[in-house]
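Descriptive analysis of the structure
Residues per chain are reported as follows:
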Amino acid sequence: MRLLVITNACFKSESASGYCMENILLALTENTKVKVDVISFWKQDNIFQVNDNLRVLYRGNKIFKNSGLVKQNIQCIFNKITSELIDPDINVMYQKKVLRSVSQLIQENKYDAIISSMGGRSTGYAAYKIKKKYGLKWICILFDPFVKNNHLYKKNRVYYKRADRFDQVIKNDCDLIILEECIYNTINEKEIKSKVVKIGMPLVLAKEKREKSSNTIKSGIISIAFFGALYKNLRDPEYSISLLLKIPNVRLDFYGNSSTKQIISLYGEGRVCYRGVASHADIEKIVDSYDYLLNIGNATLNQVPSKIYEYITYKKPIINIVKNRDDPTIDVIKRYTYGISLVENEDGNIKKLESFISNDLKVPDDQMIADRFQMNSPYYAANIILKELSEGCH
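Residues numbered from 1 in each chain as written. Predicted model: local features only at pLDDT ≥ 70, side-chain atom pairs only at ≥ 80, totals over all residues. Heavy atoms only, no water.

A look at the sheet that holds strand S12 (residues 292-296)
Within the open sheet, the six strands sit side by side as S11-S10-S9-S12-S13-S14. Their pairing is parallel. Of all the strands in the sheet, the pair left with one neighbour each is strand S11 (272-276) and strand S14 (339-343). The average angle at which neighbouring strand axes cross in this sheet is 25°, direction not considered. Strands in contact with helix H13 (residues 349-358) are strand S9 (222-227), S12, strand S13 (318-322) and S14; relative to S14, the strand with the most contacts, it is inclined by about 175°. (Pairing = 2+ DSSP bridges. Helix = DSSP H or I, 4+ residues; strand = E, 2+ residues; numbered from the N terminus. Axes fitted to C-alpha atoms, helices over the stretch in contact; angles between N-to-C directions. Contact = heavy atoms within 4.5 Å.)

Examining the environment of asparagine 324
Along the chain, asparagine 324 falls in the loop between S13 and helix H12 (329-336). Classification of asparagine 324 as partly exposed rests on a relative accessible area of 26%. As a C-alpha pair, asparagine 324 and valine 343 span 19 residues in sequence and 5.6 Å in three-dimensional space. Residue contacts for asparagine 324: discarding those within four places in its chain leaves Leu301, Ile330 and Val343. Within the structure, the side chain of asparagine 324 is placed 2.9 Å from the backbone nitrogen of aspartate 326, a separation counted as a polar contact. (Buried < 20%, exposed > 50% of the residue type's maximum accessible area, 1.4 Å probe, protein only. Polar contact = N/O pair within 3.5 Å; in protein donor to acceptor, adjacent residues only side chain to side chain.)

Here we look at the packing of aromatic side chains
This model, assessed by the stated rule, comprises eight aromatic pairs. Considering the side-chain rings of tyrosine 292 and phenylalanine 356, the 5.7 Å spacing of their centres and the 50° angle between planes classify their relative orientation as tilted. Of this pair, tyrosine 292 sits in strand S12 while phenylalanine 356 sits in helix H13; the two residues are 64 residues apart in sequence, bridging distant segments of the chain. A ring pair is formed by tyrosine 309 and phenylalanine 373, whose centres lie 6.5 Å apart and whose planes are at 80°; its orientation type is edge-to-face. One end of the pair, tyrosine 309, is in helix H11 (residues 307-314); the other, phenylalanine 373, is in the loop between helix H14 (366-372) and helix H15 (378-389), with 64 residues separating them in the sequence. One exposure class covers both tyrosine 309 and phenylalanine 373, and it is buried. Each member of the aromatic cluster is reached from another via a ring pair, and the members are Phe227, Tyr255 and Tyr290. (Phe/Tyr/Trp six-rings, centres within 6.5 Å; stacked < 30°, edge-to-face > 60°.)

What about H11?
By the criterion of burial, H11 is predominantly enclosed, with eight of the eight residues buried. Burial in H11 covers these residues: Lys307, Ile308, Tyr309, Glu310, Tyr311, Ile312, Thr313 and Tyr314. Two residues or fewer past H11, lysine 315 is found with a positive phi of approximately 55°.

What to know about the pattern of salt bridges
Across all of its chains, the model carries 12 salt bridges by this definition. A salt bridge links aspartate 37 to arginine 2; the nearest nitrogen and oxygen atoms lie 3.5 Å apart. Pair noted here: aspartate 37 is in strand S2 (residues 35-44) and arginine 2 is in strand S1 (residues 2-7), with a separation of 35 residues, a long-range link. According to the relative accessible area criterion, arginine 2 is partly exposed, its value standing at 23%. A salt bridge links lysine 137 to glutamate 388; the shortest N-O distance between them is 3.5 Å. In this pair, lysine 137 sits in strand S6 (residues 137-142) while glutamate 388 sits in helix H15, placing the two residues 251 residues apart along the sequence. For lysine 137, a relative accessible area of 26% translates into the label partly exposed. In this structure, a network of salt bridges that share partners links the residues Arg2, Asp37 and Arg55. (Salt bridge = Lys/Arg side-chain N within 4 Å of Asp/Glu carboxyl O.)

Observations concerning the confidence of the model for the chain
Considering every residue of the chain, the mean pLDDT works out to 80; 77% of them sit at 70 or more. Residue range residues 77-89 is modelled with pLDDT below 50. Its contacts to residues more than four positions away, or to other chains, number 28 contacts. In the model, residues 208-216 has pLDDT below 50 throughout and makes 31 contacts with residues more than four positions away in sequence or in other chains. (pLDDT = per-residue confidence, 0-100.)

A word on the side chain of glutamate 344
Looking at where glutamate 344 falls in the secondary structure, it is placed in the loop between S14 and H13. Those residues in contact with glutamate 344 that sit more than four places away from it in its chain are Asp236, Tyr239, Ile321, Val322, Lys323 and Asn349.

A word on H15
Residues separated by three or four positions in an α-helix point in the same direction, a consequence of the helix having 3.6 residues per turn. For H15, spanning 12 residues, the distance from its first C-alpha to its last is 17 Å, which sits close to the expected 16 Å at 1.5 Å a residue. Within H15, burial applies to Pro378, Ala381, Ala382, Ile384, Ile385, Leu386 and Leu389. Looking at the packing, one finds that the buried side of H15 touches S1, helix H1 (16-28), strand S5 (113-118), S6, strand S7 (176-180) and strand S8 (196-199). (Expected span 1.5 Å × (residues − 1).)

Looking at unusual backbone geometry
Positive phi, normally seen in glycine, also occurs at lysine 315, with a value near 55°. A relative accessible area of 3% places lysine 315 in the buried class. The backbone of asparagine 345 sits at a positive phi, close to 70°, despite the residue not being glycine. In this fold, asparagine 345 is placed in the loop between S14 and H13. What makes asparagine 345 exposed here is its relative accessible area of 62%.

Regarding the pairing of S13
Most of S13 sits inside the fold, with five of its five residues counted as buried. The side-chain alternation of S13 yields two buried faces, one formed by Ile318, Asn320 and Val322 and the other by Ile319 and Ile321. Pairing between S12 and S13: four bridges, direction parallel. Bridge pairing links leucine 293 to isoleucine 318 in S13. Where the polypeptide runs from S12 across H11 and back to S13, its parallel neighbour, the crossover connection is right-handed. Two elements, S13 and S14, share five bridges in a ladder whose sense is parallel. The residue of S14 that forms the bridge with valine 322 is valine 343. Between S13 and its parallel partner S14, the chain crosses via H12, and the hand of that crossover is right-handed. (Right-handed = clockwise from strand over helix to strand, strands pointing away.)

Next up, the structure:
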């Protein structure tokens, strides 16, 4: 079986969706009968052989020759401009490069299906064009909600209208739609339910055992870390910070992008610090130095911050602060057992927090995590794809 994957990112060093795709692709290619070619525009033209069954063909544009935040900012500006001129998030240069690359690949290989992974819509639109031209089965993996299910998109009417039009293309023309479970729960259209399956965010992996009880405070300072992006209209830390600082010996460290830096810098020097950008490799090295990890819930209810599943992988106690009682992360913490969820502005939050910190909780074992988060295993998603393609494959 040979698969062609089009994605905007395919490694954890690139983005959260890239981390998800990396896990799924590695799970797929553990099966020696599955060969996968990936087209990604994250970097300039290059070929990277991950293993015997998986290779990545980077097809980035020369305009994206910079690296790091500069590159990301150029991409964001370019996609914003093109989204106002044409279909949303569709990078015209990238689309043309993909189609040229695919034409050559299809001459050399006989693919059984094309898989697109979306964040933005460039990948899905390219996959749609390929399906129409070559008649390949199309599987779409979505980690972000359809625009009609996300009130944040509705503020830009032009973007919303065009994005919704392409979402309809996915619903009508895709052979299988794989949705993260919170997004799945917002789908009301009966006509597409038959070709939609749900998965958890595929980030719960078996790590080295972390048996140390991390919430036994020895230094007198309670260290809490947040890893990720903060946004005023999506993930605002104001209440979380004000609540946690009511405990005198708490120190809060924030790691994240420029938006995180801008928000945290408003708090000046003291017990709240911005520590810079941390890669996954960096987090692996420093995570055990913290007593607790902080998750701040989204303003929307159809997206779970991916970091909460990464936190579970690290087997650290989690302080989860959300905006309302319907937040899906509350159920995640209940299943994990090694954390607490607090709803903003509810009475008694400080007492609950103090009680949680003072108790020495048992670290969950690997088997319990595996049993309770089966849909969050990359193998769960990989098996769905293989099952869909098991009939009629070459």
